[in-house]
Amino acid sequence: GENRQHRTPALSLGQLAKELKQQDCLQYAAFCNLAMARCEQTLFNAPGEALALTDAARLFLSSEKEIRALQAPGFDEHLQAALNCYSFAIKVYIEMNQPVMAASLCLELGNALKEMNRPGEAIVHFQRAAELQTQTPIEALLSMGEIATCKIVTRDYDGALSVFTEMQLMCQERGMQLPGTTNPIGSFLDIVAKCEISRVLLLMLLEPPPQKLLPEHAQTLERYAWESFDPHSQVTFLPENVFLLLQSIVMACQEKDTESLKSLQTELWPFLTAEQNHLLHLVVLERIAPCGQGI
């Protein structure tokens, strides 16, 4: 019994948390982790505190998912507890000057909320992640892509268009360029191309009147007008076949040619992501039954 007295409380709490987790008492295991975080805080051990808070957050989240799976009546209190723990852990990592760790927790939280069908609430956390990732532009762009996705899911098409436009600008500013061109390379090029397609589709869906068209959007649409078509000045960040199909889509939309639009949709389908195909589907719906149903 002598050894027992010399054990630190944090250690026995850790043991208890493990046992509770194995017995599937997730919320109690989470409370143990919270108590551990307090101990670490009094010992001024920030890394230990951040880890204990993160474990607590994940346990509360798992507990919330279990409650939902059982369709038991709950008031989201476990989700609220998880949110609080994540926020504290993020704060500790920021104070420790570890933005990468803080950003990864923001993404974890954003993804959890998105999975729980709360895309509107997820946006804040993806935004926070992108802000913390200024040193790693590709990571920041991926977080911004998540924001755009959440905006599309919540039907904020204007908002999604702004995010894609901002992403494209960021690629051109931060992406390394090929000598003699303004074209970014590597992953930046893939992101620019994806943003371009999504922006054109969103512009077809929103159909802003000419007087309300922002210069950056007008510039984009000009690239797809027949009159200005010159294969040499063509948008070089899209493969030519995709560019030509997209250009035909723009024309079919402007001429309200629903039949062409349907056959173009079939042709373009394999080149688009699931999200872009969803947008194209909305564009076609809007042309077939223009009652604002797509939007």
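Predicted model, so just to flag it, every value in this text is computed and none were measured.

Definitions and cut-offs
Residues numbered from 1 in each chain as written. Predicted model: local features only at pLDDT ≥ 70, side-chain atom pairs only at ≥ 80, totals over all residues. Heavy atoms only, no water. Helix = DSSP H or I, 4+ residues; strand = E, 2+ residues; numbered from the N terminus. Buried < 20%, exposed > 50% of the residue type's maximum accessible area, 1.4 Å probe, protein only. Areas by Shrake-Rupley, 256 points an atom, 1.4 Å probe, with all protein chains shown as cover. Core = buried A, V, L, I, M, F, W, Y, C linked by side-chain atoms within 4.5 Å. Contact = heavy atoms within 4.5 Å. Axes fitted to C-alpha atoms, helices over the stretch in contact; angles between N-to-C directions. Parallel < 35°, antiparallel > 145°, perpendicular 65-115°, else oblique. Left-handed = near helix turned anticlockwise from the far one by under 90°. Nonpolar A, V, L, I, M, F, W, Y, C, P; charged D, E, K, R; others polar. Salt bridge = Lys/Arg side-chain N within 4 Å of Asp/Glu carboxyl O. Expected span 1.5 Å × (residues − 1). Disulfide = S-S within 2.5 Å. Arc of directions from axis to C-beta.

J.: Help me out: how do you make sense of the overall build of the protein chain in this one?
T.: The helix and strand inventory of the protein chain stands at 14 helices and zero strands. Listing the helices and strands of the protein chain from first to last along the sequence gives α-α-α-α-α-α-α-α-α-α-α-α-α-α. Looking at the protein chain residue by residue over its 295 residues, the buried ones come to 45%. Accessible area of the protein chain: about 16300 Å², with a carbon and sulfur share of 56%.

J.: Honestly, the nonpolar core in this entry has me stumped. Any pointers?
T.: A general tendency of soluble globular proteins is for nonpolar side chains to be buried together. Core analysis: the largest hydrophobic core is formed by 76 residues, its most contacted members being Leu-141, Met-144, Phe-164, Met-167, Leu-246 and Leu-268. Per-element accounting of this core gives the leading share, twelve residues, to helix α10 (residues 187–206). If near-sequence neighbours (up to four positions away) are discounted, Leu-246 is found in contact with Ile-197, Val-200, Leu-201, Tyr-224, Leu-238 and Leu-268.

J.: How should I be thinking about the packing of helix α12 (residues 240–254) against helix α13 (residues 258–268) in this particular structure?
T.: Two elements in contact, α12 and α13, have axes separated by 10 Å at closest approach and are oriented at 160°. As the angle between them shows, α12 and α13 are arranged roughly antiparallel. When you trace α12 past α13, the crossing you get is left-handed. Contact with α12, carried on its side by Val-242, Leu-245, Leu-246, Ser-248, Ile-249, Ala-252 and Cys-253, involves Ser-260, Leu-261, Leu-264, Gln-265, Glu-267 and Leu-268 of α13 and no other residues of that element. Residues that form the contact of α12 with α13 fall into these classes: nine nonpolar, three polar and one charged.

J.: Whenever I open this one, the pattern of salt bridges confuses me. Can you help?
T.: If the charged atoms of two oppositely charged side chains come close together, the side chains can form a pair. Overall, the coordinates contain nine salt bridges when judged by the stated rule. A salt bridge links Glu-146 to Lys-114; its shortest N-O distance comes to 2.5 Å. Taken as a pair, Glu-146 in helix α8 (residues 137–153) and Lys-114 in helix α6 (residues 99–115) lie far apart in primary sequence, 32 residues in all. Residue Glu-146 is classed as partly exposed on the basis of its relative accessible area of 22%. Measuring nitrogen to oxygen at the nearest pair gives 2.8 Å for the salt bridge that ties Arg-223 to Glu-196. With Arg-223 in the loop between α11 (215–222) and α12 and Glu-196 in helix α10, this residue pair connects regions lying 27 residues apart in the sequence. Relative accessible area serves as the criterion here: at 30%, Arg-223 is assigned to the partly exposed category.

J.: What exactly am I supposed to notice about α10 here?
T.: Helical periodicity: at 3.6 residues per turn, an α-helix aligns residues three or four positions apart in one direction. Look at α10: 28 Å from first C-alpha to last across 20 residues, which is about the 28 Å you get at 1.5 Å a residue. Counting buried residues along α10, 15 of its 20 residues qualify, which places the element largely inside the surrounding structure.

J.: Just to check I follow, could you spell out unusual backbone geometry for this structure?
T.: In most cases, non-glycine residues show a negative phi, while peptide bonds are predominantly trans. The phi dihedral of Asn-97 is positive, around 60°, even though this residue is not glycine. By the secondary structure assignment, Asn-97 is in the loop between α5 (77–95) and α6. Despite not being glycine, Arg-155 has its phi angle at roughly 65°, a positive value. Note that Arg-155 resides in the loop between α8 and α9 (157–174).

J.: Please explain the packing of helix α4 (residues 46–69) against α5 as it appears in this structure.
T.: The relative placement of two packed helices is expressed as an angle between their axes plus a distance between the axes. Following both chains from N to C, one finds α4 and α5 inclined at 160°, their axes separated by 8 Å at the closest point. Regarding the angle of α4 to α5, the classification is roughly antiparallel. Here α4 runs over α5; the crossing is left-handed.

J.: It is not clear to me how the state of the cysteines should be interpreted in this structure. Could you clarify?
T.: Under the defined criterion, the tally for this structure stands at zero disulfides. Free cysteine: Cys-195, not disulfide-bonded; nearest cysteine sulfur from Cys-171 at 5.9 Å.

J.: Can you walk me through the environment of Ser-162 in this structure?
T.: With respect to the secondary-structure elements, Ser-162 resides in helix α9. The class for Ser-162 is partly exposed, based on a relative accessible area of 45%. With 55 residues separating them in the primary sequence, Ser-162 and His-217 have C-alpha atoms 9.9 Å apart.

J.: Is there a simple way to explain α11 in this structure?
T.: For α11, the complete set of buried residues consists of His-217, Thr-220 and Leu-221. Buried residues of α11, seen end-on, are gathered within an arc of 95° and therefore sit on one face of the element. Residues Pro-215, Gln-219 and Glu-222 are exposed on α11 and point more than 90 degrees away from its buried face. Among the structural elements, α9 and α10 are those in contact with the buried residues of α11.

J.: When you look at the environment of Gly-175 in this model, what are you seeing that I'm missing?
T.: Relative to the elements of secondary structure, Gly-175 occurs in the loop between α9 and α10. Taking the C-alpha atoms as reference points, Gly-175 and Val-192, separated by 17 residues in sequence, lie 9.7 Å from one another.

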